[in-house]
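# Coordinate analysis (summary)
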Amino acid sequence: MSAADSSVAHPEHDRSSLSRESLKRAFLDHLLYTQGKSLEIASKNDLYQSLAHTVRDRLVRSWFDTSATHQKRNARTVAYLSAEFLMGPYLGNNLLSLGISHEIRLAMSELGLDLDELLRQEEEPGLGNGGLGRLAACFIDSLATLEVPAIGYGIRYEYGIFYQTIMDGWQVENTDAWLRYGNPWEIQHAEWAVQVKLGGHTEQYTDDSGRFRVRWVPEKTVAGVPFDSPIPGYRVDTTNTLRLWRAEATEAFDFHTFNRGDYLGAVNKKVTSENLTKVLYPNDESVQGKELRLEQQYFFVSCSLQDMLRLQQHRGQPVTSFHKSFAIQLNDTHPSIGVAELMRLLIDEHLVPWDRAWDITRQTFSYTNHTLLPEALERWPLELFRRVLPRHLEIIFEINARFLNEARIHFFGDETRIARLSLIDESGERYVRMAHLACVGSHAINGVADLHSELLKRDLLKDFYAMWPDKFTSMTNGVTPRRWVALSNPRMGKLVTRCIGDGWIKDWSRIREIEPYADDAAFAAEWRAIKRANKIDLASLLLRKTGIKVDPDSMFDVQVKRIHEYKRQHLSALHIAALYHRVKSQRNLDITPRTFIFGGKAAPGYMRAKLMIKLITAIGDVINHDPDVRDRIKVVFIPNFSVTVGQCVYPAAELSEQISLAGKEASGTGNMKFAMNGALTIGTMDGANIEIRDEVGEDVFFLFGLTAEEVYALRREGYRPMDFLRRDGELHAVIELIRSGFFSRGDSALFAPLIDDLLNHDPYMLLADYDSYAACHSRVDQAYRDTQAWTRMSILNTARSGKFSSDRAIGEYCDRIWKARAVPVEKR
Ligand code: CBF
């Protein structure tokens, strides 16, 4: 039984439908009537689908009651607009929320079935790239658990993030057909479909009352169809909605073309329209100005805003009080076209005067920035923008003209600053700057960790900060303890529950209550045993997925995240190669046996990141097969890192690598998942690492590297990587080893692009931080030898991680930005 199951489900649940007998009956009914199978001939997928339907049915009543309560109370609703929702598998999480995992397990076993096997059957919807999409998933879990009326709006991509395999050490991408067996969690609502216009031109006209108006004559119209999934809060009656939009052609056939005899041409339009939601762009932290991506963004934003206006009408509320009913959060700039779209809907379609519409818009939106990297800042070539959204460009010009008038009063005579502030970049080819649109159209702007928010104010958005200091705030990210502890680490959950009760599942700050147990020998022994059991589980997953056998008694040193130069996986690679070099030069060197575990995807077009994967696997290949190493070092790259894999990795980790160059990682959320599960951090003063260190204490954190200030200073002085290389003999030897082709079967050209870049430019300052990183690892090595002291640190680390729950983050957003509150659901 998991820790989470040990408490009773919410007392108000209709217990009879949750009894073992009724669960079994419902399951068999679904098998027969939904899947058309009997137990004897059912496939694993049939069994999974039947179970998923059985569980979904048990959410429907509270789902109804939730929307009825919200409508009746006209409750202020948070609309979380995000182009990505990386939800992870639903079944386990929904069982946890309902509190029926134990009964279901027994029901399945009485039918001769194994619940764990059925859980493994679920295809995870990979509708996100990484941190940003997963944050959205944690946030909607917290909103539901805190009973805040909320809808997550996004895109129902037919193909999510690609499936990664590793062949000969290289990343290979395969399509992710997650819908191939259907998605039992969603319900399609064709009756709420909306029409979305694209392309064409605008026309001016005078309406019946003599007012000047603009009409958009689109080139095409696409239908947006909503697919809803229930998002149950943990042991509460609230079940919110995740509403994802699919694009459909408005007409299946172009009859005109069809009648002319061009049968294939007649379905072309359908195919092109439906391409809109075909595939998730697999780029993380970089954008390509692709027309389809702009169309995707506009499509889901327009669908969502039209949907909110429909709900507003349904609630009997006037359009002019839209901002009182909805608080819309822009998850990065991807949905920021919403500012212009809401203006268009209010002015053109609901005939609201400009000033009133602008007031409503600004009071509705708030914007979260997730990155400082210049290559991740969205801007669209003006001509492309005009082609896709001609009416919006006019609106943006008007917003810009009014905004720049206001800015000129603030910054009288400072035309350089005015040009920097403008929504249109006119320094060369003209672009629409989406972050500027988001800033101007929102009443609040936030970064996702304190350092990041400060850097936004100091650099990226400094002109906006100078103009509107009160709009800026900081909201440190958080992650849900339901998925990332209760569900992923049931062994730890059970131990914690035994000691302090299960209140931590809904209120992670209570985890602090385990702090006194850090000095309790029996507790520490159990803590260690749990970590070891989790490591054994991960070891068998690694063996299954890579064929590499690892020693569960070695230290599990883990770096899982997107592969990116700024995250510096290659810094780890250099250090591993250096350890190897040491072992080879002093055969009997006494080192702490370590398993270095990597995982993460590189954007398919990001050659340097793909080469980093190859470097890690190539170094691993040599080390793992060298008898001199005697298994004291192992290197494993887990293919296709995902939420599902993460659930096995975080609980087993002992050391969490958070080694980005200071000032580059906005926050990080993996760092929080590791900390909650007792892995100590080796990290730089970057993103939320700083706050993790503040919380857990300096002596429970392995710090290295330059601070963001030092990075700026060094860059200002003129950074010369070679100066650092000359000072460090070991690093020099390692670089030479890689360069010579030692890890690439003699191919000295293979890693040249990476190495040359490090020696000549090193934009992420690996060489400047290397020394401090290697020295820090030696401290880790020593610390790990004292098992009791290490365990104590691990317990303290978890005990002091209370701040990093998404419940805390959502509480702050509700109070400080959304002005939203809990609305308990009335049961009917
Ligand atoms: O805020 C959530 C995460 O977003 C990113 O992944 C992003 O896509 N910009 C950042 O890189 C992370 O630092 C951040 O935690």
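Bear in mind the structure is a predicted one, so any value in this text is a computation, not a measurement.

## A look at the site of the ligand
Looking at the ligand, there are 15 residues lining it, with E285, H370, N477, E665 and G668 nearest. At 3.5 Å, a backbone N or O of L132 approaches an oxygen atom of the ligand. In the environment of the ligand, an oxygen atom lies 2.6 Å from a nitrogen or oxygen atom belonging to the side chain of H370. Expressed as a share of its isolated accessible area of 350 Å², the protein-covered part of the ligand is 95%. Residue composition of the shell around the ligand, by class: 5 nonpolar, 7 polar and 3 charged. Here the shell around the ligand gathers at least three residues from each of two domains, domain 1 (74-88 + 124-477 + 811-818) and domain 2 (481-797).

## Quick look at the sheet that holds strand β20 (residues 633-638)
Picture the strands of a sheet paired through backbone hydrogen bonds; they go either parallel or antiparallel. The parallel open sheet is built from 6 strands, whose spatial order is β20-β19-β18-β21-β22-β23. Here the strands that pair on one side only, and so sit at the sheet edges, are β20 and β23 (701-703). Strand after strand, the sheet turns through a mean of 20° between neighbouring axes, direction not considered. Looking at chain direction, strand β18 (residues 555-560) and strand β19 (residues 594-599) are connected through 6 bridges and run parallel. If you follow M555 over to β19, its bridge partner there is R594. On top of the sheet, helix α22 (residues 569-585) reaches β18, β19, β20 and β21 (655-658); it is set at about 155° to β19, its chief contact.

## A few points about the domain arrangement of the chain
Examined at the domain level, the chain breaks down into domain 1 (74-88 + 124-477 + 811-818) and domain 2 (481-797). Spacing between the C-alpha centres of domain 1 and domain 2 amounts to 35 Å. Taken together, the contacts link 44 residues of domain 1 with 47 residues of domain 2. Summed over both sides, the interface between domain 1 and domain 2 buries roughly 3,600 Å², with carbon and sulfur atoms accounting for 54% of that surface.

## Brief notes about the UniProt feature "modified residue: N6-(pyridoxal phosphate)lysine" (unreviewed entry) in the chain
UniProt feature "modified residue: N6-(pyridoxal phosphate)lysine" (unreviewed entry): in the numbering of this structure it lies at K673. Along the chain, the position of K673 falls in helix α25 (residues 670-676). With a relative accessible area of 5%, K673 lands in the buried category.

## Quick look at the packing of aromatic side chains
Per the stated rule, a full pass over the model turns up 23 aromatic pairs. Look at Y90 and W185: their rings are 5.8 Å apart centre to centre, the planes differ by 20°, and that puts the pair in the stacked class. In this pair, Y90 is assigned in the loop between β1 (77-81) and α3 (91-98) and W185 in the loop between β4 (170-174) and β5 (187-188), connecting sequence segments 95 residues apart. For Y90, a relative accessible area of 8% translates into the label buried. Seen in terms of ring centroids, F139 and Y813 are 5.5 Å apart; in terms of plane orientation they differ by 65°. Their pairing is edge-to-face. Taken together, the positions of F139 in helix α6 (residues 131-145) and Y813 in helix α33 (residues 806-818) put the pair 674 residues apart, joining distant regions of the chain. Relative accessible area serves as the criterion here: at 0%, F139 is assigned to the buried category. One aromatic cluster is present, built from ring pairs that chain together Y80, F139, Y813 and W818. Directly above the ring of F556 sits K535, whose terminal nitrogen or CZ lies 4.9 Å from the centroid.

Criteria and cut-off values
Residues numbered from 1 in each chain as written. Predicted model: local features only at pLDDT ≥ 70, side-chain atom pairs only at ≥ 80, totals over all residues. Heavy atoms only, no water. Near = heavy atom within 4 Å. Polar contact = N/O pair within 3.5 Å; in protein donor to acceptor, adjacent residues only side chain to side chain. Areas by Shrake-Rupley, 256 points an atom, 1.4 Å probe, with all protein chains shown as cover. Nonpolar A, V, L, I, M, F, W, Y, C, P; charged D, E, K, R; others polar. Domains from an automatic or database assignment. Pairing = 2+ DSSP bridges. Helix = DSSP H or I, 4+ residues; strand = E, 2+ residues; numbered from the N terminus. Axes fitted to C-alpha atoms, helices over the stretch in contact; angles between N-to-C directions. Contact = heavy atoms within 4.5 Å. Buried area = accessible area lost by both parts, 1.4 Å probe. UniProt positions renumbered as here; feature names shortened; annotations may be inferred. Buried < 20%, exposed > 50% of the residue type's maximum accessible area, 1.4 Å probe, protein only. Phe/Tyr/Trp six-rings, centres within 6.5 Å; stacked < 30°, edge-to-face > 60°. Lys NZ or Arg CZ within 6 Å of the ring centre and 35° of its normal.

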